[in-house]
Amino acid sequence: MRRALVALVLLLACTRIAAADDEHDADVAFRAAEQHAAAGDAHAVDELEAIGAHRPITRWSDDAWLEASRFAERAGDYARAQRDVQQALAITTDDRLARRARGELARLAEAAGDTGQWAHVAVAHEQLEQQVAQGGDPKPALAQLEALVAANPGYPRAWAVMVVIAGGWERDGDAARAIDWLRRAKQAAPSGRDRVHATAELARTLIRAGELADARAEIDGIGDPIAAGELGETLGRAEVRRDVRWAVLAVLGVLALASVVVLRRAAGSWRAAGKRLARPPIEAIFLLPIAIGFVIVAQTGNPLVARSVRMIAIAGVAIAWISGALLDAVRARRGSLGRRRAVAHALLAALAALGIAFLAVDRDHVVDLIIETWHEGPELR
């Protein structure tokens, strides 16, 4: 009897030692496979799946299946990712991990279909979305995304593709086309969180486009108090900026009218005033090549920034031209320009330039990009 008990104790001890060895080996293999996957090793998914399939089951088995699923999805193999999650769900005894696995399955099914039938579309969607986000001319990638939506009307995430398309067209300066795509995305999005997301993007784009009444209607019908509150604050700031724009335009109108009156009075007649304006002053001749250089450089970057730079450059040359013509006309009539008049003239020209600059950066919300760059620094490629 004693011998039997001793044998049983030894057997249990050996079993425990073997189990500990299995856990240790699985731990080491799991860490190594994670490092291989992070380094871009194409065989890392095979390693993780082998750890998950190894018997006896260890505490790393279900984690290995989930990690294998993550890297398979990253590689664009949605069907494999779904199979790996199902394997994790089949062997896990951890309720929290099981909930996570079920959530992953639902997310993968939303992206690629229950059986992975939309996997190739999802891969193309993500690749093209990255191309749009990389900067430069987004039109080629946008055209391919539009074709993808047209060719796959049943794709579960077609609404998300439409949101990407809208963002690309807005960045390219076509706000009307962006709004149209977002309205389609709102209709295509399933109810719930996705519908709220699409509606919020539509409201933001309407605000940036200056369609504040339509934006208010979308916010009122969004059905999410938190999102509605945040968007309402954004809309409030947009309404303040609209009022400021009107005030700036009024000031610029007054300055333009005053310039015409002063030039006519100093020149002596409308014909003489026209001759003064027809002949470029030295200020405009000096500024023109500098402005052209800025415009050319800006064209190689963000289209929104390029439009703002172009507007500022044209307005700057125009202000310099009109300002120089006024000064020449006053000097020709009076022989000299008083200090007070010169200071006032310079201040008013600077005020006009600042007003034009504000309108330029506010028109396409380039001011938001400027603020972001100021806080976070320029993006380096």
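Residues numbered from 1 in each chain as written. Predicted model: local features only at pLDDT ≥ 70, side-chain atom pairs only at ≥ 80, totals over all residues. Heavy atoms only, no water.

1. Some thoughts on the overall build of the protein chain
No. 1: The helix and strand inventory of the protein chain stands at 17 helices and zero strands.
No. 2: Looking at the protein chain residue by residue over its 381 residues, the buried ones come to 35%.
No. 3: Long-range pairs, those at least 24 residues apart, make up 60% of the contacts in the protein chain with a sequence separation of at least 6.
No. 4: Counting only carbon and sulfur atoms, one obtains 60% of the accessible surface of the protein chain, whose full area is about 22,400 Å². (Helix = DSSP H or I, 4+ residues; strand = E, 2+ residues; numbered from the N terminus. Buried < 20%, exposed > 50% of the residue type's maximum accessible area, 1.4 Å probe, protein only. Contact = heavy atoms within 4.5 Å. Areas by Shrake-Rupley, 256 points an atom, 1.4 Å probe, with all protein chains shown as cover.)

2. Some points on the confidence of the model for the protein chain
No. 1: Averaged over the protein chain, the pLDDT score is 83; the fraction of residues at 70 or greater is 89%.
No. 2: Element-level pLDDT for the protein chain is lowest in helix α1 (residues 2-38), with a mean of 58, against a maximum mean of 95 in helix α9 (residues 175-188).
No. 3: Contacts of residues 6-20 to residues separated by more than four positions or lying in other chains number zero contacts, the stretch itself having pLDDT below 50. (pLDDT = per-residue confidence, 0-100.)

3. With respect to the pattern of salt bridges
No. 1: All chains considered together, the criterion is met by 18 salt bridges.
No. 2: Across the pair Arg80 and Glu49 runs a salt bridge, and its minimum N-O distance is 2.8 Å. On the criterion of sequence distance, the pair formed by Arg80 in helix α4 (residues 78-91) and Glu49 in helix α2 (residues 44-53) is long-range, its members being 31 residues apart.
No. 3: One salt bridge connects Glu73 with Arg107, and the closest N-O pair in it is separated by 2.7 Å. With Glu73 in helix α3 (residues 61-74) and Arg107 in helix α5 (residues 95-112), this residue pair connects regions lying 34 residues apart in the sequence.
No. 4: Through salt bridges with shared partners, a single network forms among Arg183, Lys186, Asp214 and Glu218. (Salt bridge = Lys/Arg side-chain N within 4 Å of Asp/Glu carboxyl O.)

4. With respect to the packing of aromatic side chains
No. 1: Applying the stated criterion to the full structure yields two aromatic pairs.
No. 2: Aromatic pair Trp118 and Tyr155: ring centres 6.2 Å apart, planes at 55°, arrangement tilted. With Trp118 in the loop between α5 and α6 (119-133) and Tyr155 in the loop between α7 (139-151) and α8 (158-171), the pair connects residues that are 37 residues apart, well separated along the chain.
No. 3: Given a relative accessible area of 4%, Tyr155 falls into the buried group.
No. 4: Its end group placed over the ring of Trp169, Arg177 keeps NZ or CZ at 3.9 Å from the ring centre.
No. 5: A cation over an aromatic ring shows up here: Arg184 above the ring of Trp181, its NZ or CZ 4.0 Å from the ring centre. (Phe/Tyr/Trp six-rings, centres within 6.5 Å; stacked < 30°, edge-to-face > 60°. Lys NZ or Arg CZ within 6 Å of the ring centre and 35° of its normal.)

5. Quick look at helix α15 (residues 303-334)
No. 1: Taking 1.5 Å per residue as the helical rise, α15 with its 32 residues ought to reach 46 Å, and the 46 Å between its terminal C-alpha atoms agrees with that figure.
No. 2: Positive backbone phi, approximately 90°, marks Gly335, located one or two places after α15. (Expected span 1.5 Å × (residues − 1).)

6. Brief notes about the nonpolar core
No. 1: If you look at the biggest cluster of nonpolar residues, it comprises 58 residues, and the most contacted ones within it are Tyr78, Leu145, Tyr155, Ile165, Trp181 and Ile207.
No. 2: The leading source of residues in this core is α8, at ten residues.
No. 3: One finds Ala26, Phe30, Val45 and Phe71 within the second-largest nonpolar core, a separate group that totals twelve residues. (Core = buried A, V, L, I, M, F, W, Y, C linked by side-chain atoms within 4.5 Å.)

7. Things to note about a nonpolar patch on the surface
No. 1: The grouping of Val251, Leu348 and Leu351 at the surface amounts to a nonpolar patch, some 230 Å² of accessible area in total.
No. 2: With respect to the secondary-structure elements, Leu351 resides in helix α16 (residues 339-363).
No. 3: Assessed through its relative accessible area of 40%, Leu351 is described here as partly exposed. (Patch = residues over 30% accessible without salt bridge, like charges linked within 9 Å, V, L, I, M, F, W, Y side chains within 5 Å.)

8. Considering a positive patch on the surface
No. 1: On the surface, Arg265, Arg333, Arg334 and Arg341 cluster together into a positively charged patch.
No. 2: Mapped onto the secondary structure, Arg265 falls in helix α12 (residues 225-267). (Lys, Arg positive; Asp, Glu negative; His and termini not counted. Charge placed at Lys NZ, Arg CZ, Asp CG, Glu CD.)

9. Here's the deal with the side chain of Asp84
No. 1: Note that Asp84 resides in helix α4.
No. 2: No salt bridge is formed by the buried Asp84; the nearest opposite charge belongs to Arg80, separated by 4.6 Å.
No. 3: Sequence-distant contacts of Asp84, that is, excluding residues within four places in its chain, are made with Val45, Glu49, Trp65, Ala68, Ser69 and Ala72.

10. Notes on the packing of α8 against helix α10 (residues 193-208)
No. 1: The N-to-C vectors of α8 and α10 enclose an angle of 15°; their axes lie 11 Å apart at closest approach. Judged by the angle between their axes, α8 and α10 are roughly parallel. At the point where α8 passes α10, the crossing takes the left-handed sense. Counting all contacts with α8, which are made through Trp159, Val163 and Glu170, the residues of α10 involved are Asp194, His197, Ala198, Glu201, Thr205 and Arg208.
No. 2: Tallied by class, the residues present in the contact of α8 with α10 amount to three nonpolar, two polar and four charged. (Axes fitted to C-alpha atoms, helices over the stretch in contact; angles between N-to-C directions. Parallel < 35°, antiparallel > 145°, perpendicular 65-115°, else oblique. Left-handed = near helix turned anticlockwise from the far one by under 90°. Nonpolar A, V, L, I, M, F, W, Y, C, P; charged D, E, K, R; others polar.)

11. So, unusual backbone geometry
No. 1: Note the cis peptide between Arg55 and Pro56, where omega equals 10°.
No. 2: Position of Pro56 relative to the elements: it lies in the loop between α2 and α3.

12. Topic: the packing of α15 against α16
No. 1: It is at 9 Å that the axes of α15 and α16 come closest, and there the two elements cross at 165°. As the angle between them shows, α15 and α16 are arranged roughly antiparallel. In terms of crossing hand, the pair formed by α15 and α16 is right-handed. For the pair α15 and α16, the contacting residues are Arg307, Ser308, Met311, Ile312, Ala315, Ile319, Ser323, Leu326, Leu327, Val330 and Arg334 in the first and Arg341, His345, Ala349, Ala352, Ala353, Ile356, Ala357, Leu359, Ala360, Val361 and Arg363 in the second.
No. 2: Considered class by class, the residues forming the contact of α15 with α16 number 15 nonpolar, three polar and four charged.

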